Amino acid sequence: MFTLPAAVKAEIERCYGQPLKYPADCHRLAINVRQTLNETIGVTTLKRILGFVSDVEEPRKSTLDILARYCGFTDYEEMKRKVAPGGDSDFEQDPDIDTSALLPGAVVRFEYLPDRKVKLRYLGNSEFEVVESENGSLQPGDIITVSNFVKDSPLTVSSVRRNGTDLGRYTAGKVSGITSLYLEEPDSAS
């Protein structure tokens, strides 16, 4: 799956003049690209490139080149070289919360855009029960498997079980990552 380097996305946002947080932003960006360059990028294509829609296809080089020209570069390779010198590789920060260090009963609270709030209770063996979930796809009572939580990075849930049914993998905060993260040890967890 294609992942746009964070520095490249930041450069596109800088040229656009505001953050690209929501799928609707892709429609406005497509209009802005057309007005600026007299070239067209589809809204769905922008959603895929910016991570709002999961897709296994790599975007066409010509599409990435249009985005690069929109930002004042000759092509995408030049843009990557200048704004993301590390390329598509980067060091990952250490997990903010590593589940192997938690005691059963610990509570993890996290938030991600737009306006999603989740409270989990640790069961052991990297499994959590969803205690509260506001505005998101996870539901109270879901059992999820998570190995770590990293602030400012998407949360990858390796499995979600709801009422005994395995719903598969889930990713929270694909674009913004986890915006806030709190841990309450078992003796202070409510």
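All figures in this text were calculated on a predicted structure; none of them were measured in a lab.

(A) Local environment of the overall build of the protein. Within the protein, the regular secondary structure consists of five helices and nine strands. Each helix and strand of the protein, placed in order from N terminus to C terminus, yields the pattern α-α-α-α-α-β-β-β-β-β-β-β-β-β. When the accessible area of the protein is evaluated, it comes to approximately 10,600 Å², of which 46% is carbon and sulfur surface.

(B) Focus on unusual backbone geometry. A cis amide bond links leucine 113 with the next residue in sequence, proline 114, at an omega value of -10°. Note on placement: proline 114 falls in the loop between strand S2 (107-112) and strand S3 (116-124). One non-glycine residue, aspartate 115, adopts positive backbone phi at about 60°. Relative to the assigned elements, aspartate 115 resides in the loop between S2 and S3. Residue classification places aspartate 115 among the partly exposed positions, given a relative accessible area of 48%. Its identity as a non-glycine residue notwithstanding, asparagine 125 has a phi of 55°, on the positive side. Its location among the elements puts asparagine 125 in the loop between S3 and strand S4 (127-134).

(C) Up close: the environment of serine 180. By secondary structure assignment, the location of serine 180 is in strand S9 (residues 178-184). As a C-alpha pair, serine 180 and tyrosine 112 span 68 residues in sequence and 7.1 Å in three-dimensional space. Not counting residues up to four positions away in its chain, the partners in contact with serine 180 are Arg109, Phe110, Glu111 and Lys151.

(D) Here's a closer look at the sheet that holds S9. The strand order S8-S7-S5-S4-S3-S2-S9 describes an open sheet built from seven strands, whose pairing is antiparallel. The two strands at the open ends of the sheet, each matched to only one other strand, are strand S8 (165-172) and S9. Taken over all neighbouring pairs, the strand axes of this sheet differ in orientation by 30° on average, direction set aside. Across seven bridges, the pairing between S3 and S4 is antiparallel.

(E) Quick peek at the confidence of the model for the protein. Counting all residues, the mean pLDDT for the protein is 85, and 89% of those residues have values of 70 or more. Predicted confidence for residues 90-94 stays below pLDDT 50, and this span has three contacts to residues more than four positions away or in other chains.

(F) The pairing of S2, seen in detail. Note that S2 and S3 share six bridges and pair antiparallel. Residue glutamate 111 lies in a different strand from S3, and its bridge partner there is lysine 117. Two successive antiparallel strands, S2 and S3, enclose a turn made up of three residues, where aspartate 115 displays a positive phi of approximately 60°. With six bridges joining them, S2 and S9 adopt antiparallel strand pairing. Bridge pairing in S9 links tyrosine 112 to isoleucine 178.

(G) Inspection of the packing of helix H1 (residues 6-16) against helix H5 (residues 76-83) at higher detail. It is at 9 Å that the axes of H1 and H5 come closest, and there the two elements cross at 105°. Between H1 and H5, the interaxial angle falls into the category roughly perpendicular. In this structure, H1 contributes Ala7, Val8, Glu11 and Ile12 to the contact, and H5 contributes Tyr76, Met79, Lys80 and Val83. Tallied by class, the residues present in the contact of H1 with H5 amount to six nonpolar, no polar and two charged.

(H) Summary view of the packing of aromatic side chains. By the definition in use, this model includes four aromatic pairs. Between phenylalanine 110 and tyrosine 112, the aromatic rings sit 6.0 Å apart at their centres with planes inclined by 20°, giving stacked as the arrangement. The buried category is assigned to phenylalanine 110, whose relative accessible area is 1%. With relative accessibility at 5%, the residue tyrosine 112 sits in the buried group. Between phenylalanine 128 and phenylalanine 149, the aromatic rings sit 5.4 Å apart at their centres with planes inclined by 90°, giving edge-to-face as the arrangement. A residue pair is termed long-range when its members are at least 10 positions apart, and phenylalanine 128 in strand S4 and phenylalanine 149 in strand S6 (residues 148-149) qualify at 21 residues.

Criteria and cut-off values
Residues numbered from 1 in each chain as written. Predicted model: local features only at pLDDT ≥ 70, side-chain atom pairs only at ≥ 80, totals over all residues. Heavy atoms only, no water. Helix = DSSP H or I, 4+ residues; strand = E, 2+ residues; numbered from the N terminus. Areas by Shrake-Rupley, 256 points an atom, 1.4 Å probe, with all protein chains shown as cover. Buried < 20%, exposed > 50% of the residue type's maximum accessible area, 1.4 Å probe, protein only. Contact = heavy atoms within 4.5 Å. Pairing = 2+ DSSP bridges. Axes fitted to C-alpha atoms, helices over the stretch in contact; angles between N-to-C directions. pLDDT = per-residue confidence, 0-100. Parallel < 35°, antiparallel > 145°, perpendicular 65-115°, else oblique. Nonpolar A, V, L, I, M, F, W, Y, C, P; charged D, E, K, R; others polar. Phe/Tyr/Trp six-rings, centres within 6.5 Å; stacked < 30°, edge-to-face > 60°.

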